[in-house]
Amino acid sequence: MKARVKWVEERTFVGESASGHKLVLGTAFGPEGKTPGPSPMELVLIGTGGCSAYDVVHILEKGREAVEDCVVELDADRAEADPRVFTRIHMHFVVKGRALSHDKVKRAIGLSIDKYCSASAMMAKTAEITHDFEVIETTAE
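This write-up is about the structure you can find in this document.

Calculation notes
- Residues numbered from 1 in each chain as written.
- Predicted model: local features only at pLDDT ≥ 70, side-chain atom pairs only at ≥ 80, totals over all residues.
- Heavy atoms only, no water.
- Pairing = 2+ DSSP bridges.
- Helix = DSSP H or I, 4+ residues; strand = E, 2+ residues; numbered from the N terminus.
- Axes fitted to C-alpha atoms, helices over the stretch in contact; angles between N-to-C directions.
- Contact = heavy atoms within 4.5 Å.
- Buried < 20%, exposed > 50% of the residue type's maximum accessible area, 1.4 Å probe, protein only.
- Phe/Tyr/Trp six-rings, centres within 6.5 Å; stacked < 30°, edge-to-face > 60°.
- Lys NZ or Arg CZ within 6 Å of the ring centre and 35° of its normal.

### A closer look at the sheet that holds strand β6 (residues 128-137)
The strand order β4-β5-β6 describes an open sheet built from 3 strands, whose pairing is mixed. Of all strands in the sheet, those with a lone pairing partner are β4 (66-78) and β6, marking the two edges. Each neighbouring strand pair of the sheet contributes to a mean axis angle of 15 degrees, computed without reference to strand direction. For β4 and strand β5 (residues 86-98), the ladder comprises 12 bridges, and the chain directions are antiparallel. Directly across from Arg-78, in β5, lies its bridge partner Phe-86. The strands that helix α1 (residues 40-62) touches are β4 and β5; relative to β4, the one it contacts most, it runs at about 150 degrees. Helix-sheet contacts for helix α2 (residues 102-116) involve β5 and β6, and the interaxial angle to β6 is about 150 degrees.

Printed below as a string of structure tokens:
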């Protein structure tokens, strides 16, 4: 895997993945506290949630569950001293679908966090990772 990050100005950078996707990232600067994009650590947290959400949807689909939506809300703390690693990450999953099995959703989330998600495996080296979930039933239209 390869990527490239280029400094643009002040505290603004553009990251580019090997697949050609670009995104602006940076931290607040100047009197207005301008933020050009998410900070690098926000991207790490978002990536962790994305990695796990991808797994959960994939596992549920393979199990023939009628999943329609999956949202992961993340809440995290970081160390006070440098390097300011994540020390706590809580992941709240909201999974919507028709006649979803509560047990299968629980299993899919557990498999993601404990076995398949590379990002959560890395984050678990410094952070306590907890999770919970809710299943929202939808009806066929």
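### Observations concerning the sheet that holds strand β3 (residues 22-26)
Taken in spatial order, the 3 strands of this open sheet run β1-β2-β3, and their pairing is antiparallel. Looking along the sheet, the strands with just one partner apiece sit at the ends: β1 (3-9) and β3. When strand polarity is set aside, the average angle formed by the axes of neighbouring strands in this sheet is 25 degrees. Sheet analysis places strand β2 (residues 12-17) next to β3, joined by 5 bridges and oriented antiparallel. Paired with Gly-15 across the strands is Leu-23, a residue of β3.

### Topic: unusual backbone geometry
Following Asp-82, the chain continues into Pro-83 via a peptide bond in cis, with omega recorded as -5 degrees. Phi is positive for Ala-99, close to 50 degrees, though the residue is something other than glycine. The exposure class assigned to Ala-99 is exposed, which follows from its relative accessible area of 61%.

### What to know about the packing of aromatic side chains
For the coordinates displayed, the defined rule picks out 0 aromatic pairs. If you follow Arg-78 out to its NZ or CZ, it ends over the ring of Phe-86, 5.9 Å from the centre.

### Observations concerning the pairing of β1
Burial analysis of β1 places just 0 of its 7 residues in the buried class, a small minority of the element. Where β1 and β2 come together, 6 bridges link them in antiparallel fashion. What sits directly across from Lys-6, in β2, is Val-14. Two successive antiparallel strands, β1 and β2, enclose a turn made up of 2 residues, where Glu-10 displays a positive phi of approximately 40 degrees.

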